[in-house]
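Here's the letter readout for the chains.
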There are 2 protein chains.
Amino acid sequence: MANFRNIKSMLKPRSVAVIGASRDPDKVGHVILQNYINSGYDGRLYPVNKNAEGKILGLKTYASVTDIGSQIDLAVIAVPAQFVPSVMEECGKARVKTAIVVSGGFAEVGNKDLQDQLVASANKYSITMMGPNCLGVMDPRSRVDTLFLPTYKLSKAQIGGVSFMAQSGAVGSTILDLIGGEGFGLSKFISYGNAAQLDEVDILNYLMEDDETKVIIMYLEGIKRGKEFIDVAKKAGAKKPVIVLKAGKTAAGTKAAHSHTAALAGDFEVQEAIFRQAGFIIAQDISELLYYAKIFASEPAPRGPRVAIITNGGGAGVLTTDAVASSGVLKIADFTNQTKKVLARSMPPLVNITNPLDLAGDAGAKRYNDALDALEGDPNVDMIIVIMLFQTPGADSASAAKLIDYKSRTLKPMIAISIGSEYTEMHNRMMESAGLPVYDSPTAAAHSLAALYRYVLFRDRKR
Amino acid sequence: MANFRNIKSMLKPRSVAVIGASRDPDKVGHVILQNYINSGYDGRLYPVNKNAEGKILGLKTYASVTDIGSQIDLAVIAVPAQFVPSVMEECGKARVKTAIVVSGGFAEVGNKDLQDQLVASANKYSITMMGPNCLGVMDPRSRVDTLFLPTYKLSKAQIGGVSFMAQSGAVGSTILDLIGGEGFGLSKFISYGNAAQLDEVDILNYLMEDDETKVIIMYLEGIKRGKEFIDVAKKAGAKKPVIVLKAGKTAAGTKAAHSHTAALAGDFEVQEAIFRQAGFIIAQDISELLYYAKIFASEPAPRGPRVAIITNGGGAGVLTTDAVASSGVLKIADFTNQTKKVLARSMPPLVNITNPLDLAGDAGAKRYNDALDALEGDPNVDMIIVIMLFQTPGADSASAAKLIDYKSRTLKPMIAISIGSEYTEMHNRMMESAGLPVYDSPTAAAHSLAALYRYVLFRDRKR
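Just so it is clear, the model here is predicted, and its values are computed rather than measured. (Residues numbered from 1 in each chain as written. Chains lettered and ligands numbered in written order. Predicted model: local features only at pLDDT ≥ 70, side-chain atom pairs only at ≥ 80, totals over all residues. Heavy atoms only, no water.)

Moving on, we get to the overall build of chain A. Regarding its fold elements, chain A presents 16 helices and 20 strands. A compact globule built from 463 residues should have a C-alpha radius of gyration of about 23 Å, and chain A, at 25 Å, falls within 12% of that. Taken along the three principal axes of its C-alpha coordinates, chain A extends 80 × 45 × 35 Å. Counting the 463 residues in chain A, one finds 64% classified as buried. Accessible area of chain A: about 16,900 Å², with a carbon and sulfur share of 51%. When the 51 basic and 47 acidic side-chain charges of chain A are each reduced to a single mean position, those positions are 6 Å apart. (Helix = DSSP H or I, 4+ residues; strand = E, 2+ residues; numbered from the N terminus. Rg over C-alpha atoms; globule rule 2.2 N^0.38 Å. Buried < 20%, exposed > 50% of the residue type's maximum accessible area, 1.4 Å probe, protein only. Areas by Shrake-Rupley, 256 points an atom, 1.4 Å probe, with all protein chains shown as cover. Lys, Arg positive; Asp, Glu negative; His and termini not counted. Charge placed at Lys NZ, Arg CZ, Asp CG, Glu CD.)

Given below as structure tokens:
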């Protein structure tokens, strides 16, 4: 049977066999081997191909995994479906600890028997198995990467604290690409496909206990073991933030999910209740999944619900006030008299001392700095949203640098809203890579702060 | 009094006086004059500055607008607030037709009397006046551009059919920057600031009758003349799509709006009812405003609510099915038997012939083409969503080119969903600039198609 603790041997293997390794650059087994070499993986690497002799990509090739003669932590299996069960038998005889079956052609196309046969082989030899029909895993720390996708199509993620588990390979790689474009880093990516043996319960169990994982994000289609899922969800949600995007919410979507990964999507209302009880943050879309991951990855827990808004565009301040006020849980902060006095001294006369604080279109680095300084000491302010519209005359790289500088010092959750095309995007990348989460809409920013605060409330109730 | 038909003289002036023109590159009056010269505006251009002699930027300079001695269609006024009323008097004596007052320092900072004095002067001489405290106008066709923003901060919009009216300057320029980054083009940008004389009623009246304007998008803070607004809104909504983003929906937002442009934001529920009755499309955020503008700018009216979904990622197909099914108005299309037969012949065996149609991760240009060909003739399909995840092995520039080619031939509304970082964004720009609207989330795509279809239903009810 599967042991979720063995997932560690998949993510931090000292030795990897790539079964189905090939000299043909179009073959999955070639891409995977090449990716391992390119990533700088420093464990032992063994190409296996029963039809190839000599070397593949400069590495000695074996006809069978049983010929290697030393401990294999992970076998990555990329041979046609009909050969996979016998390859798994060989892995068992070679005492391979874990296997990732990337090959498709099992239950997802109706070959349930072949899949059952595969699981039986793995179980017989106590091999912990991911897949079949999956992309496998990526761990930027150990440089393990079983993804058989052209690397130029994916933005490369930095090392970080967000782990992402996804049933679907394509949605998984899309989100992984988006994570690469964000400032926060990746801890683990796990695409588990048909979940024939290791499933969402095992993976959630593993990530919950993994110290490198600070935030878990998951893309789910079906839940196989309802009761066990509820148990692990409760523990995981109490331990770290878990953000979930569930596909198959409507009757039509459920039907579509079934034809995709043979998943039984189940009743979304029941699932939603389970998620909420576990304190999971529910994302409605891929973009929300990223918004939430971003804020939980970088921001401290807010002490309360009161939000200060600083802006260089009055209208954007109004839109953000609307979004905060209608979030259901956040409040517009009332500045203390002390803060008002400080601001009245430091701001030019045209600035109304109120929240949202409109610094006006000519505000540059200094005015932002003075405003932030005044808010940092205000006990009525729990969180800060800084709006910077880079189309205005005053906003430039120096203003962005000032926000970054301030972000490194403040103890309060602080996020930015910045919306625009090229000139703006350049500055957004600058701010994000320095750890300041940037949102491209007032709604997204307010929803994200609200999720952060709701999680604080959830944890407080648990104590 | 203002005559909204005179707005044409602001947008298509044969002669422009820039009052407050300056040699100092930091002055607004310099930037505006320089922008006119750079844009290639081919009417007559007169710098006016009572303290400057000789030439500014190579153009003969006048001490007063009354010295010019020929017809001035538009005076752009950029002098300090206290001088604006007397400048307006001079404009009156010189029989200037229209004026845009970009200067701030009026009602928005409490100087209501100065603003009243300004309006009185304009009215006395029947000058149609925009502002004060506004960015003015931009019309890529006539090359008129009164925006005093550094051009490198704004993406330049192509010529197109979308006109955008905005009360707020900063939000206006932010959205203008986003429009520049989109594939659809701009007809007019009108930032009207304090709306002391020309207001949202006049501008909506003008854009409604303007043949170059196919779609109107508006960012509103307050509505000044409720009854007149209702009248023009009804006419405008019946004539062309009007998309509205209203700031100041909540009590806190309303308060913030008042301190911004002294606008009385009013009761949003009442306003929302007015918008709905007029058939306006209500955007909840800046991003939604753009999503809706994009679809109305390019797509024909759908004949019905039935949506076909083609994808190369099963999970994305499920998420999109959920979004379509929960849109409230759209339906998942049932393919005809004829379509199913054609697809069964042209698709590889692993493709399930169902909607959403999952072409699988190795689908390239040909499979997309065959699928689209089959759907084009299907009378059960009213609209098409094509999902292309460029992280998958099969998707590349040839696939994107195939969608563009197909888009140029289909008579049905067709949009794409494509989500990712650099490699994806490159292809998205390619598709958008060729007229295929691309969405970065299933929800945004479904909401946009739903808005398109709701507008069809609204028009049909009006008939």
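For the rest of this paragraph, the subject is the interface of chain B and chain A. The parts lose accessible area when they come together, and the size of an interface is often stated as this lost area. Counting residues at the interface gives 66 residues for chain B and 67 residues for chain A. Here chain B packs against chain A, burying approximately 4,400 Å² in sum over the two surfaces, 63% of which is carbon and sulfur. Of all residues in chain B, Lys153, Leu319 and Gln391 of chain B bury the most surface against chain A, accounting for 15% of the area lost on that side. Between chain B and chain A we count 0 salt bridges in total. At the level of elements, helix H5 (169-181), strand S13 (242-246), helix H8 (251-261), helix H10 (286-298), helix H11 (314-325), helix H15 (422-433) and helix H16 (442-462) of chain B are the ones that each hand at least two residues to the side of chain B that touches chain A. Among the elements that take part in the side of chain B that touches chain A, H11 of chain B stands out by supplying 8 residues, more than any other. Residue composition of the side of chain B that touches chain A, by class: 29 nonpolar, 28 polar and 9 charged. (Contact = heavy atoms within 4.5 Å. Buried area = accessible area lost by both parts, 1.4 Å probe. Salt bridge = Lys/Arg side-chain N within 4 Å of Asp/Glu carboxyl O. Nonpolar A, V, L, I, M, F, W, Y, C, P; charged D, E, K, R; others polar.)

Here we take up the sheet that holds strand S12 (residues 215-220) of chain B. Pairing between the strands of a sheet comes from backbone hydrogen bonds, and it takes one of two forms, parallel or antiparallel. Residues and elements named next belong to chain B. Within the open sheet, the 7 strands sit side by side as S9-S8-S11-S10-S12-S13-S14. Their pairing is mixed. Of all the strands in the sheet, just strand S9 (144-145) and strand S14 (281-283) have a single pairing partner and so form its edges. As defined by bridge partners, strand S8 (residues 136-139) adjoins strand S11 (residues 186-191) across 3 bridges and the pair is classed as antiparallel. For Val137, the partnering residue across the bridge sits in S11 and is Ile190. (Pairing = 2+ DSSP bridges.)

All right, on to the domain arrangement of chain A then. Each domain of chain A was delimited in the assignment, giving domain 1 (1-133), domain 2 (154-298) and domain 3 (300-462). With centres defined by C-alpha atoms, the gap from domain 1 of chain A to domain 3 of chain A works out at 50 Å. (Domains from an automatic or database assignment.)

Now for the pattern of salt bridges. Oppositely charged side chains are able to pair whenever their charged atoms sit close together. Enumeration over the complete set of coordinates arrives at 40 salt bridges over all chains. The structure contains a network of salt bridges with shared partners spanning Lys12, Asp139, Arg141, Lys188, Asp210 and Glu212 of chain A.

Residue and element names in this part refer to chain B. Between its first and last C-alpha atoms helix H2 (residues 28-39) spans 16 Å; for 12 residues at 1.5 Å apiece the expected length is 16 Å, and the two agree. Along H2, the positions that sit buried rather than exposed are Gly29, His30, Val31, Ile32, Leu33, Asn35 and Tyr36. Among the structural elements, strand S1 (15-19), strand S2 (44-48), strand S3 (55-56), strand S4 (59-60), strand S5 (74-77) and S9 are those in contact with the buried residues of H2. (Expected span 1.5 Å × (residues − 1).)

Between chain B and chain A, which share one sequence, the superposing operator has a rotation angle of 180 degrees and an axial displacement of 0.0 Å; the RMSD is 0.0 Å. The transformation just described matches what one would write down for a two-fold rotation axis. Rotation axis and chain B: the residue whose C-alpha lies nearest the axis is Ser287 of chain B, separated from it by 6.1 Å. Counting the interface residues of chain B, we find that 100% of their copies in chain A are interface residues as well, pointing to one common contact surface. (Least-squares fit on C-alpha atoms with pLDDT ≥ 70 in both.)

Residue and element names in this part refer to chain B. Ordered in space as S2-S1-S5-S6-S7, the 5 strands form an open sheet in which the pairing is parallel. Every interior strand has two partners, whereas the edge strands, S2 and strand S7 (128-130), have only one. Looking at each pair of strands side by side, their axes are set apart by 20 degrees on average, direction ignored. Where helix H3 (residues 84-93) meets the sheet, it contacts S1, S5, strand S6 (98-101) and S7, and its direction lies at approximately 165 degrees from that of S5. (Axes fitted to C-alpha atoms, helices over the stretch in contact; angles between N-to-C directions.)

Before going further, it helps to examine unusual backbone geometry. Glycine aside, residues mostly have negative phi angles, and peptide bonds mostly take the trans form. Gly131 of chain A connects to Pro132 of chain A through a cis peptide bond whose omega is -5 degrees. With respect to the secondary-structure elements, Pro132 of chain A resides in the loop between strand S7 (128-130) and strand S8 (136-139). The phi torsion at Arg143 of chain A lies on the positive side, around 65 degrees, for a residue other than glycine. With respect to the helices and strands, Arg143 of chain A occurs in the loop between S8 and strand S9 (144-145). Phi is positive for Asn133 of chain B, close to 65 degrees, though the residue is something other than glycine. Relative accessible area serves as the criterion here: at 27%, Asn133 of chain B is assigned to the partly exposed category.

Packed helices, taken two at a time, are described by the angle between their axes plus the distance between the axes. Residues and elements named next belong to chain A. At a closest axis distance of 9 Å, the pairing of helix H3 (residues 84-93) and helix H4 (residues 112-124) adopts a crossing angle of 0 degrees. In terms of orientation, H3 lies roughly parallel with respect to H4. Contacts between H3 and H4 involve Val84, Pro85, Met88 and Glu89 on the former and, on the latter, Leu114, Gln117, Leu118, Ser121, Ala122 and Lys124. Each residue belonging to the contact of H3 with H4 can be placed in one class, and the counts come to 6 nonpolar, 2 polar and 2 charged. (Parallel < 35°, antiparallel > 145°, perpendicular 65-115°, else oblique.)

Residue and element names in this part refer to chain B. Every second residue of S6 is oriented toward a common face, with Thr98 and Ile100 on one face and Ala99 and Val101 on the other, all of them buried. Two strands pair when backbone bridges link them, and S5 and S6 are joined in this way by 4 bridges, in the parallel orientation. Looking at S6, one finds that Ala75 is bridged to Ala99. With H3 bridging S5 and the parallel S6, this β-α-β connection has right-handed handedness. The pairing of S6 with S7 spans 3 bridges and is parallel. Residue Ala99 lies in a different strand from S7, and its bridge partner there is Met129. (Right-handed = clockwise from strand over helix to strand, strands pointing away.)

This part covers the state of the cysteines. Residue and element names in this part refer to chain A. This structure, assessed with the given rule, holds 0 disulfides over all chains. Of all cysteine sulfurs in the structure, the one in Cys91 sits closest to Cys134, which takes part in no disulfide; the separation is 14 Å. Assessed through its relative accessible area of 3%, Cys134 is described here as buried. (Disulfide = S-S within 2.5 Å.)

Before going further, it helps to spend a moment on the packing of aromatic side chains. Inspection of the entire model under this criterion finds 20 aromatic pairs over all chains. Here Tyr291 of chain A and Tyr439 of chain A contribute two aromatic rings whose centre-to-centre distance is 5.5 Å and whose plane-to-plane angle is 55 degrees, an arrangement assigned as tilted. Placement of the pair is Tyr291 of chain A in helix H10 (residues 286-298) and Tyr439 of chain A in strand S20 (residues 438-439), with a sequence separation of 148 residues. A relative accessible area of 0% places Tyr439 of chain A in the buried class. An aromatic cluster is defined as three or more aromatic residues linked by ring pairs; in this entry it consists of Tyr152 of chain A together with Phe390 and Tyr423 of chain B. It is Lys50 of chain A that lies over the ring of Phe83 of chain A; its NZ or CZ is 4.7 Å from the centre. (Phe/Tyr/Trp six-rings, centres within 6.5 Å; stacked < 30°, edge-to-face > 60°. Lys NZ or Arg CZ within 6 Å of the ring centre and 35° of its normal.)

The next subject is the pairing of S13 of chain B. Residues and elements named next belong to chain B. With respect to burial, S13 is a largely interior element, 5 of its 5 residues being buried. In S13, alternate side chains face the same way, and those of Val242, Val244 and Lys246 on one face and Ile243 and Leu245 on the other are all buried. As judged from the 5 bridges shared by S12 and S13, these two strands associate in the parallel manner. Within S13, the position partnered with Ile217 by the bridge is Ile243. For the segment spanning S12, helix H7 (residues 226-239) and S13, crossover handedness is right-handed.

All right, on to the side chain of Asp73 of chain A then. All names here are of chain A. Along the chain, Asp73 falls in the loop between strand S4 (59-60) and strand S5 (74-77). The exposure class of Asp73 is buried, given its relative accessible area of 2%. Polar contacts involving the side chain of Asp73 include one to the main-chain amide nitrogen of Arg14, which spans 2.8 Å. Contacts of Asp73, omitting those with residues within four sequence positions, involve Ser9, Pro13, Arg14, Ser15, Lys97 and Thr98. (Polar contact = N/O pair within 3.5 Å; in protein donor to acceptor, adjacent residues only side chain to side chain.)

On the buried face of helix H2 (residues 28-39) of chain A, the contacting elements are strand S1 (15-19), strand S2 (44-48), strand S3 (55-56), S4, S5 and S9 of chain A. Downstream of H2 of chain A by a residue or two, Gly40 of chain A has a phi angle that is positive, lying close to 85 degrees.

Now for the nonpolar core. General note: in soluble globular proteins, nonpolar side chains tend to be found buried as a group. If you look at the biggest cluster of nonpolar residues, it comprises 128 residues, and the most contacted ones within it are Ile243 of chain A together with Ile243 of chain B. Ignoring any residue separated from it by four or fewer positions in sequence, one finds Ile243 of chain B in contact with Val215, Ile216, Ile217, Met218, Ile281, Ala283, Leu289, Tyr292, Ala293 and Phe296 of chain B. (Core = buried A, V, L, I, M, F, W, Y, C linked by side-chain atoms within 4.5 Å.)

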